[in-house]
Amino acid sequence: MSDAPAAPAGAHPDILVAAVALIRDRRVLMVTARGRDVWFMPGGKIDPGEGEAEAAAREAWEEVTVRLDPAELDLLFTVLIQAHGEPDGRLVRMSVFGAQTTDEPAASAEVSAVHWATSADHQRCPPAGVEVLRRLHAADLID
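Bear in mind the structure is a predicted one, so any value in this text is a computation, not a measurement.

K.L.:
Explain the environment of D103 residue by residue, including any values.
P.N.:
Take D103: it is sitting in the loop between β6 (91-99) and β7 (111-117). Spatially, the C-alpha atom of D103 lies 7.7 Å from that of R67, the residues being 36 residues apart in sequence. Look past the residues within four positions of D103 in its chain and what remains in contact with it is R24, V66 and R67. Among the polar contacts listed, one links the side chain of D103 to the backbone nitrogen of R67, at a separation of 3.4 Å.

And the structure:
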């Protein structure tokens, strides 16, 4: 399901991303990628032939060593917004899935740190992360 029309002919295609919103104690899990200073949702690009939920589960394992069953992930919303570090007009289309697990997230080889964020942490995030925090707060899921 799309929140906006497709890019016009000749424009860069949207960057398709799937992410996991793991919420505990009114905070959502975010990560810092190696060599970066901003906080991102655990997630990443969708591989060819891969479904969104499968990509979100794969990325959760690769980034925060949490095993999730794609069939148990719930699509919360899709964010369509300017992509961080990309030319003006290049959008990221991020499908955000709600997830539950008792596993304790830990930074992997791809991630230097994990963080439990609230809406007050929005200044640490690129545009997509800011929008995710805004929507989760508006839904009264995080502080």
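K.L.:
How would you summarise the pairing of β6 if you had to cite specific residues and measurements?
P.N.:
Burial within β6 is extensive, with 8 of its 9 residues counted as buried. One ladder, built from 8 bridges, connects strand β5 (residues 74-82) with β6; its direction is antiparallel. Across the sheet, residue V79 finds its bridge partner in β6, namely M94.

K.L.:
Please give an account of helix α2 (residues 127-138) that cites residues and values.
P.N.:
Its 12 residues give α2 an end-to-end C-alpha distance of 16 Å, which sits within 8% of 16 Å, the value for a rise of 1.5 Å per residue. Turning to α2, its buried residues are A128, G129, E131, V132, L133 and L136. Looking at the buried positions of α2, the neighbouring elements they touch are β1 (15-24), β2 (27-33), β5, β6 and β7. Of the residues flanking the end of α2, it is D140, one or two places downstream, whose phi is positive at about 60°.

K.L.:
Summarise the layout of surface pockets; cite the residues concerned and give the values.
P.N.:
By volume, the largest pocket amounts to about 560 Å³. Along its surface, the largest pocket is lined by 26 residues, and V17, R36, F40, G44 and V92 are the ones closest to its centre. When grouped by side-chain class, the residues that make up the lining of the largest pocket number 16 nonpolar, 5 polar and 5 charged. Considering only enclosed or pocket space, the second largest pocket measures out at about 200 Å³ in volume.

The rules behind the values
- Residues numbered from 1 in each chain as written.
- Predicted model: local features only at pLDDT ≥ 70, side-chain atom pairs only at ≥ 80, totals over all residues.
- Heavy atoms only, no water.
- Helix = DSSP H or I, 4+ residues; strand = E, 2+ residues; numbered from the N terminus.
- Contact = heavy atoms within 4.5 Å.
- Polar contact = N/O pair within 3.5 Å; in protein donor to acceptor, adjacent residues only side chain to side chain.
- Buried < 20%, exposed > 50% of the residue type's maximum accessible area, 1.4 Å probe, protein only.
- Pairing = 2+ DSSP bridges.
- Expected span 1.5 Å × (residues − 1).
- 1 Å grid on protein atoms, 1.4 Å probe; cavity = no way out; pocket = protein on both sides within 12 Å on 5 of 7 lines; lining within 4 Å.
- Points joined across faces, edges and corners; volume = space filled by probe spheres on them.
- Nonpolar A, V, L, I, M, F, W, Y, C, P; charged D, E, K, R; others polar.

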